[in-house]
Amino acid sequence: MDLLRETLTSAAHEQGFVLVGFARLNPLSEHEAFYRRWLADGGNASMTYLAKDPELRFDPRRLDARYKSVVSLGYPYAARATPTVDWRAEMRGRIAAYALGRDYHDVVKKRARAVGDVLRRLRPGSTTRTYVDTGPVFEREWASASRIGWFGKNTMILNREHGSYFFLAEIFTDVEFDATAEPYRDHCGTCRRCLDLCPTGALADGYVMRSELCISYQTIENRGAIPRDLRPKLGNWIFGCDICNDVCPWNDDHASDHSAGDLMPRLPEMLALSEEEFGRRFTVSAVKRAKRRGLLRNVAVALGNTRNPDAVAPLAHSIEAETEPLIRSHAAWALGEIGGSAARRALERALHDRDTAVRREAAAALETN
Ligand code: B12
């Protein structure tokens, strides 16, 4: 390894990155047909930004013709073992491990920029631009081209030592670097655990992820109603999902024990969060992306999935007091899942709600009770 790479790699390690790789910024033509087909089949669901600027995604040099290489970085985060609490009895939701603590967009970007600063100091006059989930960039393609891991069947970049619990960051630069060592071999083999154990069947053979079926998509990116047939399959996930990472054998040694706490917040308290409380609690967290209305919609669904009669009171109260129809309509669905006379009474009141979607959900829920 030449001195520049070596120094930059140490600088990245100092910033907490465990994976560092280099690649030429050659246009990504190999998977263009795959991506266009994925979009045409609606793989991106409502994430229309993914269909924008495909030419920039395939060739970052169109962003800036000076770019010649990419430095790909992997920043680890702690996988969380599922606490051994009965989430139905205790009425606890579950938040994806990546969203605990400070928003990674801020943390990782700052650290990646610091690595870019080192590069510009070592090569005066050079240019760098850093991405962490923030631009028209196929981050996993560059990670794979930079050989920091392989593109797994769960569509994550996997590394033998670090599993898949790491974020990706890229530094595009006009400094010339060749690709790191040998291509990273695929180690998924015949394993299909992620495909078979995804509760919604969001992953298909051939590295295909159908976003509209992904729990992560539904709980974070979907701004509207969650399709009814998917709701029971969401279990207690209220922001993101870790299943296709948790079940991966390459992550076996990474889960640390963790108490319920932030990982599994109590659902009744979450359903009662005001806009101000939501802001205070999640302002530095990635969870703010779902906004209060999205998060509390998910909380209502998870409360329904507990099938716990103790969830009736908070759900009935939400239908009375909540101003957001999206949350009230999902609370009505949840009451239908739990059933019983108190739930029915609340649903009968909801038949007179001022919002049609809420009335429709209440009527549908009463039909099954
Ligand atoms: C949109 C998005 C999502 C969507 C769609 C997910 C998806 N699989 O595409 C949703 C909301 C569902 C999502 C969920 C999650 N995401 Co996300 N997401 C993104 C985002 C912003 C864009 C991804 C994208 O362009 N998707 C479209 C697909 C088609 O693109 P792609 O797979 O990268 O594209 C190429 C490959 O498919 C390739 N290809 C096809 N076949 C093959 C075969 C081989 C061998 C190779 C090498 C390539 C290849 O061709 C495509 C075109 O070139 C990226 C950040 C970024 N800008 O890249 C983060 C990112 C992928 N997400 C990330 C994370 C952490 C998650 C979650 C784990 C969060 C959570 N716990 O809930 C889940 C995991 C779900 C999953 N299995 O993907 C990390 C992944 C880190 C890693 N180690 O791989 C990223 C990179 C963010 C980051 N900076 O760290 N995400």
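1. Points about the overall build of the chain
Helix and strand counts for the chain come out as 16 helices and 12 strands. For 369 residues, the compact-globule estimate of 2.2 N^0.38 gives 21 Å, and the chain sits close to it at 23 Å. Projected onto its principal axes, the C-alpha positions of the chain cover 75 × 40 × 40 Å. Going through the 369 residues of the chain one by one, you find that 42% of them count as buried. For the chain, long-range pairs separated by at least 24 residues make up 78% of all intrachain contacts whose partners lie at least 6 apart in sequence.

2. Considering the packing of helix α12 (residues 291–306) against helix α14 (residues 325–338)
Two elements in contact, α12 and α14, have axes whose closest approach is 7 Å; the angle formed by their N-to-C orientations is 5°. Taken together, the axes of α12 and α14 are roughly parallel relative to one another. For the pair formed by α12 and α14, the contact residues are Arg-293, Leu-296, Arg-297, Ala-300, Val-301, Leu-303, Gly-304 and Asn-305 on the first element and Leu-326, Ile-327, His-330, Ala-331, Trp-333, Ala-334, Glu-337 and Ile-338 on the second. In terms of residue class, the contact of α12 with α14 is made up of 10 nonpolar, three polar and three charged.

3. What to know about the sheet that holds strand β8 (residues 166–173)
Strand order in this open sheet of four strands is β1-β2-β8-β5, and the pairing throughout is antiparallel. A strand with exactly one partner marks an edge of an open sheet, and here the two such strands are β1 (19–24) and β5 (128–131). Pairs of neighbouring strands in the sheet enclose a mean axial angle of 20°, with direction left out of account. In the sheet, β1 pairs with strand β2 (residues 69–76) via six bridges, with the strands oriented antiparallel. Looking across to β2, one finds that Arg-24 is bridged to Ser-69. Here helix α5 (residues 104–122) sits on the sheet in contact with β2, β5 and β8, set at roughly 35° to β8.

4. Observations concerning the site of the ligand
Taken together, 39 residues form the shell around the ligand, and within it His-31, Ala-96, Glu-139, Ser-216 and Gly-240 come nearest. Elements with a contribution of two residues or more to the shell around the ligand: α2 (32–40), α6 (139–145), β8, α8 (215–221) and α9 (243–246). Across the shell around the ligand, the residue classes break down as 24 nonpolar, nine polar and six charged.

5. Let's talk about the domain arrangement of the chain
Interfaces are often sized by the accessible area lost when the parts come together. Assigned domains of the chain: these are domain 1 (3–77 + 102–173) and domain 2 (266–369). Computed over C-alpha atoms, the centres of domain 1 and domain 2 are 39 Å apart.

6. Concerning unusual backbone geometry
Unusually for a residue other than glycine, Met-91 sits at a positive phi of about 55°. Notably, Asp-133 is not glycine yet its phi reads approximately 60°, a positive angle.

7. Remarks on the nonpolar core
Ranked by internal contacts, the top residues of the largest apolar core, which has 97 residues, are Leu-73, Val-299, Ala-300, Leu-303, Leu-315, Ala-332 and Leu-335. Ranked by the residues each element gives to this core, the list is headed by α14, at eight residues. Formed jointly, this core draws a minimum of three residues from each of two domains, domain 1 (3–77 + 102–173) and domain 2 (266–369). Filtering out sequence-adjacent residues up to four positions away, Leu-73 remains in contact with Ala-12, Phe-17, Leu-19, Val-20, Ala-112, Val-115 and Ala-169.

Reading guide: rules and limits
Position numbers for residues count from 1 along each chain, tracking the sequence in the order it is written. Per-residue local features of the predicted model are confined to residues with pLDDT of at least 70, and side-chain atom pairs are confined, for both listing and counting, to 80 or more; whole-chain, interface and lining totals are unaffected and use all residues. Starting at the N terminus, helices and strands are each numbered in turn, a helix being any DSSP run of H or I of at least four residues and a strand any DSSP run of E of at least two. Using C-alpha atoms as the atom set, the radius of gyration is obtained and then compared with a globule rule of 2.2 Å times the number of residues to the power 0.38. With C-beta atoms placed from the backbone, a residue counts as buried when 20 or more other C-beta atoms lie within 10 Å of its own, as exposed when 12 or fewer do, and as partly exposed for counts between those limits. The contact rule is simple: place each C-beta atom from the backbone, and if two of them lie within 7 Å, those residues are in contact. With axes taken as lines fitted to C-alpha atoms, and helix axes fitted only over the stretch in contact, angles between N-to-C directions fall between 0 and 180 degrees. Oblique is the label for any angle not under 35 degrees, not over 145, and not in the 65 to 115 range, which are roughly parallel, roughly antiparallel and roughly perpendicular in turn. Gly falls in the polar group here, along with every residue not listed as nonpolar (Ala, Val, Leu, Ile, Met, Phe, Trp, Tyr, Cys, Pro) or charged (Asp, Glu, Lys, Arg). The pairing criterion for strands is at least two bridges between them, as found by DSSP. Nearness rests on one distance test: the residue's C-beta atom, set from the backbone, must lie within 6 Å of the molecule or strand. An automatic or database domain assignment supplies the residue ranges for each domain. For our purposes the nonpolar core covers buried Ala, Val, Leu, Ile, Met, Phe, Trp, Tyr and Cys residues that link as a set through C-beta atoms within 7 Å.

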